[in-house]
Amino acid sequence: MRTLAQTYRRFSEAEKSPLYGRVALAVSESDEALRAIETVPARKRHPTVVLAALHDLALAGRAPALAAAYAAADSEAAGGAAIDTLLRMTDSVASIAARRRTRIDETGRGGVLYPAIAEAARRAGAAAVGLIDVGATGLNLNVDRVRVDYSDGQSLGDPSSPVRLSCSIVGDRPVPTNAIPEVVARVAVDPDPVDVTDADEARWLRACLWPDQPDTAALLEAELALAASAPPLLLCGDPAEALPDAFARVPAGALAVVTTTWALSRFPVETRQRFLRGLEEAGRAVAWVSVEGVGVGPSIPTLGDRPASGHSIIGVAVFDGSAPRAVGRCWSRGRMLSWLV
């Protein structure tokens, strides 16, 4: 098993962010910093969690030297300021890390979700949908309100949206041009749901981004503003147990479209199976759009691909007696898409 110093050193070597790479390396070389991190619960000592906690303090104005180093993209100063913050505010870092879950790459998923949700609605013959997003921040619930530009020149969504996403097409098949029908409900289900209208919650989403990713930060700001203009209903709980309550919030006659994007892998197989049974036994019109690693989504075809192969399968299941289908593959959290049907 790696020591804490080795974990941070390995992170620094693999990290694409020069700023965070240097911070992680500085931490790995500081015995005092490592002892401070040891006050954090063992499962929360990973660099992504601790660095997000430090970033949260910087964004909150509680670590001004670290905030200044991040703003200047000064790697050397950031390393020293991070260690100083760890030593001065050990209890605060530990508290934030213990109660928070990192939420990295939550933005930009509309490129894969939009055509998949539209395909589910088409297959079900739905004139209206209620969106139920499971295990994410709820930003996905505004997928019909964003604009997605694909590398082949095609666009989907609202052409006047302040949120513009880009997605690269892999292969020769374009995504279908079907539009998502009217959205009549937006519900987020999570054991720890995020209220995007709460300043502390929104700041945590910002803190989970690397400080030297201005384009991603700008996209998050736009998506947060869009979500705050029409906040979703938040349901806290186990994804399987909360489904009946979520379904009840979707008006009769509308198709309840449940979306999971890289969420189910956090749950044991038994929970995933209960989740699937909850969809099958809903007693109403339901579809499931799954964007998960190969083999993670129960019943979603794997196309013969191997687990942990570096890409994800986009699945569409309409619970009307038809079999679930794999409609595409995607990479880089939805920034690259290969449509298959």
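Note that the coordinates shown come from a computational prediction; the quantities given were computed from them, not determined experimentally.

## Details of the sheet that holds strand β6 (residues 233–236)
Here comes step 1: Overall, mixed pairing links the 11 strands, which are arranged β3-β2-β4-β11-β10-β9-β8-β7-β1-β5-β6 in an open sheet. Strands at the two margins of the open sheet, each flanked by one partner only, are β3 (155–157) and β6. Taking each pair of neighbouring strands and ignoring which way they run, the sheet shows an average axis angle of 25 degrees.
Here comes step 2: Judged from the five bridges that link them, strand β9 (residues 312–318) and strand β10 (residues 325–331) form a sheet pairing that is antiparallel. In the strand pairing of β10, I314 is matched with G328.
Here comes step 3: Sitting on the sheet, helix α8 (residues 110–124) is in contact with β1 (128–134), β2 (147–150), β3, β4 (164–169), β7 (255–261), β8 (286–293), β9, β10 and β11 (336–339), with an inclination near 25 degrees to β9.
Here comes step 4: Most of the contacts of helix α12 (residues 269–280) go to β8, to which it runs at about 155 degrees, and overall it touches β1, β7 and β8.

## Focus: the packing of helix α1 (residues 4–14) against helix α2 (residues 18–28)
Here comes step 1: Put simply, α1 and α2 touch, their axes get as near as 8 Å, and they point 160 degrees apart. In terms of their interaxial angle, α1 and α2 are classed as roughly antiparallel. Handedness of the α1/α2 crossing: left-handed. Within the contact between the two elements, α1 uses A5, Y8, R9, F11 and S12 and α2 uses Y20, G21, A24, L25, V27 and S28.
Here comes step 2: For the contact of α1 with α2, a count of residues per class yields seven nonpolar, three polar and one charged.

## Side note on α12
Here comes step 1: Compared with an ideal rise of 1.5 Å per residue, which puts 12 residues at 16 Å, α12 spans 17 Å between its outermost C-alpha atoms and is within 8% of the ideal.
Here comes step 2: Looking at α12, one finds that the buried residues are T271, R272, F275, L276 and L279. For α12, the arc enclosing every buried residue in end-on projection is 140 degrees, short of the 170-degree limit, so these residues lie on one face.
Here comes step 3: Buried-residue contacts for α12 involve β1, α11 (243–248), β7 and β8.

Thresholds, definitions, all that
- Residues numbered from 1 in each chain as written.
- Predicted model: local features only at pLDDT ≥ 70, side-chain atom pairs only at ≥ 80, totals over all residues.
- Heavy atoms only, no water.
- Pairing = 2+ DSSP bridges.
- Helix = DSSP H or I, 4+ residues; strand = E, 2+ residues; numbered from the N terminus.
- Axes fitted to C-alpha atoms, helices over the stretch in contact; angles between N-to-C directions.
- Contact = heavy atoms within 4.5 Å.
- Parallel < 35°, antiparallel > 145°, perpendicular 65-115°, else oblique.
- Left-handed = near helix turned anticlockwise from the far one by under 90°.
- Nonpolar A, V, L, I, M, F, W, Y, C, P; charged D, E, K, R; others polar.
- Expected span 1.5 Å × (residues − 1).
- Buried < 20%, exposed > 50% of the residue type's maximum accessible area, 1.4 Å probe, protein only.
- Arc of directions from axis to C-beta.

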